[in-house]
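Fold and contact review
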Amino acid sequence: MRVLVTGGEPLAQPAAFALVSRLLDDGWQVLVETSGHVALDGLDRRAITILDVKAPGSGETHRMEWRNLDLLHASDEVKFVLGGRADYEWSRDLVREKGLAARCVVLFAPVHGVLDPGLLGRWILEDGLEVRLQVQLHKYLWPGVERGV
């Protein structure tokens, strides 16, 4: 049994930490998708963390809790959503500087409709990065659904 705790920033709710532990105690596999601005040190480490790192193009980099990168385990994932070449280079350099790809799964995702996934894939291959290319698959399978089309 698996549950994903997500939505906005779930860890901004103090009760989320206890909820995660309770679910784990009850035998659930728990994944926590976090925006990265709340410290993970109070999160039950049996949970799998999916940590968003805000690249400069997002305008949210200043909100990051940078200590979270040091708390990641092999079962965790770190995701970078990239809007262009500058975001890519910044993220590539951070992945290398922190040795993230050797410690956990690293995902690079293009901002849908802004950065071509094929171009991002070429940059990843050219630099030999040990990261996964991730796209928002639902936007390709069901375009327009979010707009009610």
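Residues numbered from 1 in each chain as written. Predicted model: local features only at pLDDT ≥ 70, side-chain atom pairs only at ≥ 80, totals over all residues. Heavy atoms only, no water.

Looking only at helices and strands, the protein chain has five helices and six strands in total. Ordered by position from N to C terminus, the α and β elements of the protein chain give β-α-β-β-β-α-α-β-α-β-α. Computed over its C-alpha atoms, the radius of gyration of the protein chain comes to 16 Å, within 12% of the 15 Å expected for a compact globule of 149 residues. Reported as C-alpha extents along the three principal axes, the dimensions of the protein chain are approximately 45 × 45 × 30 Å. Put simply, the protein chain has 149 residues, and 42% of those count as buried. Partitioning the intrachain contacts of the protein chain with sequence separation of at least 6 by distance along the chain shows that 62% fall at a separation of at least 24. Per element, the accessible surface of the protein chain, about 8,200 Å² overall, is 54% carbon and sulfur. Between the mean site of the 17 positive side-chain charges and the mean site of the 21 negative ones, the protein chain shows a separation of 2 Å. (Helix = DSSP H or I, 4+ residues; strand = E, 2+ residues; numbered from the N terminus. Rg over C-alpha atoms; globule rule 2.2 N^0.38 Å. Buried < 20%, exposed > 50% of the residue type's maximum accessible area, 1.4 Å probe, protein only. Contact = heavy atoms within 4.5 Å. Areas by Shrake-Rupley, 256 points an atom, 1.4 Å probe, with all protein chains shown as cover. Lys, Arg positive; Asp, Glu negative; His and termini not counted. Charge placed at Lys NZ, Arg CZ, Asp CG, Glu CD.)

Looking now at helix α1 (residues 15–25). Within α1 the residues assigned to the buried category are Ala-16, Phe-17, Val-20, Leu-23 and Leu-24. Summarising the axial view, the buried residues of α1 lie within an arc of 130°, below the 170-degree limit, and thus occupy one face. In α1, the exposed positions angled more than 90 degrees off the buried face are occupied by Ala-15, Ala-18, Arg-22 and Asp-25. At the exit of α1 stands Gly-27, carrying a positive phi of roughly 95°. (Arc of directions from axis to C-beta.)

As a further point, take a nonpolar patch on the surface. A grouping of Leu-133, Val-135, Leu-137, Tyr-140, Leu-141, Trp-142 and Val-145 is seen on the molecular surface, where their side chains present a nonpolar patch of about 690 Å² in accessible area. Ranked by the residues each element gives to the nonpolar patch, the list is headed by helix α5 (residues 137–141), at three residues. Within the secondary structure, Val-145 sits in the segment after α5. Residue Val-145 is classed as exposed on the basis of its relative accessible area, which comes to 53%. (Patch = residues over 30% accessible without salt bridge, like charges linked within 9 Å, V, L, I, M, F, W, Y side chains within 5 Å. Salt bridge = Lys/Arg side-chain N within 4 Å of Asp/Glu carboxyl O.)

Counting buried positions along strand β2 (residues 29–34) yields five of six residues, so the element is predominantly enclosed. Here four bridges tie strand β1 (residues 2–5) to β2, and the two strands are oriented parallel to one another. By the bridge assignment, Val-5 is partnered in β2 with Val-32. Regarding topology, α1 serves as the crossover connection from β1 to the parallel β2, and that connection is right-handed. (Pairing = 2+ DSSP bridges. Right-handed = clockwise from strand over helix to strand, strands pointing away.)

What follows is about the sheet that holds strand β5 (residues 105–110). Spatial strand order, β1-β2-β3-β4-β5-β6: six strands in an open sheet with parallel pairing. With partners counted over all chains shown, the strands left at the sheet margins are β1 and β6 (132–133), one partner each. Taken strand by strand, helix α4 (residues 117–127) contacts β4 (77–82), β5 and β6, and its axis lies near 140° from that of β5. (Axes fitted to C-alpha atoms, helices over the stretch in contact; angles between N-to-C directions.)

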